[in-house]
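# Summary of the model geometry
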Amino acid sequence: MKLYHGSNEDIETIDLERGLKYKDFGKGFYLTPDRTTAIRMAQKKARLFGGTPTLITYDMSESAFSSGLRVKIFPEVACVEWFLFIDANRDRRRVHPIHDYDIVIGPIADDGVVLQLTNYREGLYSPEQAAQLLQDKYLDQQYYFGTERALKFLHKTNSQTI
């Protein structure tokens, strides 16, 4: 399976320690099966942090799913479980990770999702109401790799500036 990572620089070796806390699925390495989404992310990172927008292509071995790795796959649309998972991972009051999955697959929390997270945290909506409001919204997909074990199933095949 082909996955893409958008960056502001080429990445020779993935360093999980460089990942940022409080992201959708926690501190880890994120990819997407959508090339356009990765290009958009590369351009955003370069705009925010400098560097050169870079699209990095990886092949993910399908054997990861039968290897004994802990994998969590959310539906491609918003659901309550995904919404609460995102909320917990983004909660800056938490010190420790909320899960021990090697790989998590699911929608990307874009600005519309962040708005509903805020509404939920402010008590305007229940998790069910917030997830329902997001049902008709297309959400790009992401693959989170959170352990060295999981990274062994990723193989870089290309890197190009865009």
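Structural notes, computed from the coordinates. (Residues numbered from 1 in each chain as written. Predicted model: local features only at pLDDT ≥ 70, side-chain atom pairs only at ≥ 80, totals over all residues. Heavy atoms only, no water.)

Its location among the elements puts threonine 54 in strand E3 (residues 54–60). By relative accessible area, which is 4% here, threonine 54 ends up buried. The spacing of threonine 54 and alanine 38 is 16 residues in sequence and 9.0 Å in space, taken between C-alpha atoms. For threonine 54, the contacting residues outside a window of four places in its chain are His5, Gly6, Ser7, Asn8, Glu9, Asp10, Ala42, Ser159, Gln160, Thr161 and Ile162. (Helix = DSSP H or I, 4+ residues; strand = E, 2+ residues; numbered from the N terminus. Buried < 20%, exposed > 50% of the residue type's maximum accessible area, 1.4 Å probe, protein only. Contact = heavy atoms within 4.5 Å.)

Glancing now at the pattern of salt bridges. Per the stated rule, a full pass over the model turns up 12 salt bridges. Here arginine 40 and aspartate 140 are joined by a salt bridge, their closest N and O atoms 2.6 Å apart. With arginine 40 in helix H1 (residues 35–49) and aspartate 140 in the loop between helix H4 (127–133) and strand E6 (141–145), this residue pair connects regions lying 100 residues apart in the sequence. Relative accessible area serves as the criterion here: at 43%, arginine 40 is assigned to the partly exposed category. Salt bridges sharing common partners tie together Arg70, Asp100, Asp102 and Arg149. (Salt bridge = Lys/Arg side-chain N within 4 Å of Asp/Glu carboxyl O.)

Moving on, we get to the layout of surface pockets. Approximately 1,500 Å³ is the volume attributed to the largest pocket. Surrounding the largest pocket, 46 residues form its lining, Leu20, Lys23, Tyr30, Met41 and Lys45 being those nearest its centre. Sorting the residues of the lining of the largest pocket by element identifies strand E1 (2–7), strand E2 (29–31), H1 and helix H3 (111–121) as the ones contributing at least two each. Top contributing element to the lining of the largest pocket by residue count: H1, with 8 residues. Taken together, the residues of the lining of the largest pocket sort by class into 19 nonpolar, 11 polar and 16 charged. Around the second largest pocket, the lining is made up of 20 residues, and of these Lys21, Gly26, Lys27, His96 and Pro97 lie nearest the centre. Of the residues belonging to the lining of the second largest pocket, the class tally is 9 nonpolar, 5 polar and 6 charged. (1 Å grid on protein atoms, 1.4 Å probe; cavity = no way out; pocket = protein on both sides within 12 Å on 5 of 7 lines; lining within 4 Å. Points joined across faces, edges and corners; volume = space filled by probe spheres on them. Nonpolar A, V, L, I, M, F, W, Y, C, P; charged D, E, K, R; others polar.)

On inspection of all chains with the given rule, the structure shows 9 aromatic pairs. A ring pair is formed by phenylalanine 25 and tyrosine 144, whose centres lie 6.4 Å apart and whose planes are at 85°; its orientation type is edge-to-face. Here the residue phenylalanine 25 occupies a position in the loop between E1 and E2, and tyrosine 144 occupies one in strand E6, the gap between them amounting to 119 residues. Ring geometry for phenylalanine 74 and phenylalanine 85: centres 5.2 Å apart, planes at 55°, overall tilted. In this pair, phenylalanine 74 is assigned in the loop between strand E4 (71–73) and helix H2 (80–90) and phenylalanine 85 in helix H2, connecting sequence segments 11 residues apart. Like phenylalanine 85, phenylalanine 74 is buried. A connected cluster of aromatic rings, assembled from ring pairs, spans Phe25, Tyr30, Phe74, Phe85, Tyr101 and Tyr144. Geometry around phenylalanine 74 places lysine 72 over its ring, the cationic atom sitting 5.1 Å from the centre. (Phe/Tyr/Trp six-rings, centres within 6.5 Å; stacked < 30°, edge-to-face > 60°. Lys NZ or Arg CZ within 6 Å of the ring centre and 35° of its normal.)

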